[in-house]
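Listed below are the residues making up each chain.
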Amino acid sequence: EFDGGFPRPEGHTSEGAEEALRAVASYSKNYLPLLFNLFVSSRPSERGRVHAAIAAFGRVTGRDQLDGFYKNILKRMATSLQGVQQNQGDKGAKDAAAEQQGMLMDIAAALVPGLKPEALEKLLGIVNVSVVYKDPGIQKKSYKLLRAILSRSADLKSRSLEGVRESLSTAQSSCYAPAKK
């Protein structure tokens, strides 16, 4: 049986499926940046399918290749967080930086299954800082990203997991209602 009760297509083999995945993965360096740009330029209501495509490419792309794409996202996340902090007086700029940070966190969450353990550790460092931000949108995205990272808790160092517990304890008093959902 194949995919929830559908009959397996004639001629379908596991080897053929693996070969097809390798072929798709070989183009990920071309498609991931395009999907990233499409995600960022789409309306929020249209991002779900693009997010799923990014996640699918993230699962089939080799970890070394995915690492380069992830590092670019990480740099943008750091810059975006600085923008949120620096633009406290300019509501428009602060909101734009917070929206960009949320989109980057969504993309990072899509890539979590394919990331190297070292990359997860760095991403966890950003999440530990983000959960206490005074922006409900960033808090909510932080918890979503944290959930994705913790799905790979076996790949995390025990001191990192202790850091999560401390961050959550600290964040509890400043957590906005939307982030709790």
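The structure this text deals with has already been given above.
Reading the values: rules and limits
- Residues numbered from 1 in each chain as written.
- Predicted model: local features only at pLDDT ≥ 70, side-chain atom pairs only at ≥ 80, totals over all residues.
- Heavy atoms only, no water.
- Salt bridge = Lys/Arg side-chain N within 4 Å of Asp/Glu carboxyl O.
- Helix = DSSP H or I, 4+ residues; strand = E, 2+ residues; numbered from the N terminus.
- Buried < 20%, exposed > 50% of the residue type's maximum accessible area, 1.4 Å probe, protein only.

K.L.:
Just checking my understanding: could you explain the pattern of salt bridges for this structure?
P.N.:
Close approach of charged atoms allows side chains of opposite charge to pair. Under the defined criterion, the tally for this structure stands at nine salt bridges. One salt bridge in this structure joins Lys-116 and Asp-64, with 2.8 Å as the shortest N-O distance. Note that Lys-116 is positioned in the loop between helix H5 (91-111) and helix H6 (117-130) and Asp-64 in helix H4 (residues 63-86), a separation of 52 residues in sequence. We classify Asp-64 as exposed; its relative accessible area is 61%. Between Glu-162 and Arg-165 there is a salt bridge, with its nearest N and O atoms 2.2 Å apart. Taken together, the positions of Glu-162 and Arg-165, both in helix H8 (residues 158-171) and three residues apart, correspond to about one turn of that helix. In this structure, a network of salt bridges that share partners links the residues Asp-106, Lys-141 and Lys-144.

K.L.:
Would you mind going over the environment of Gly-62 with me for this structure?
P.N.:
Mapped onto the elements of the fold, Gly-62 is located in the loop between helix H3 (47-60) and H4. The exposure class of Gly-62 is partly exposed, given its relative accessible area of 37%. With 67 residues separating them in the primary sequence, Gly-62 and Val-129 have C-alpha atoms 29 Å apart.

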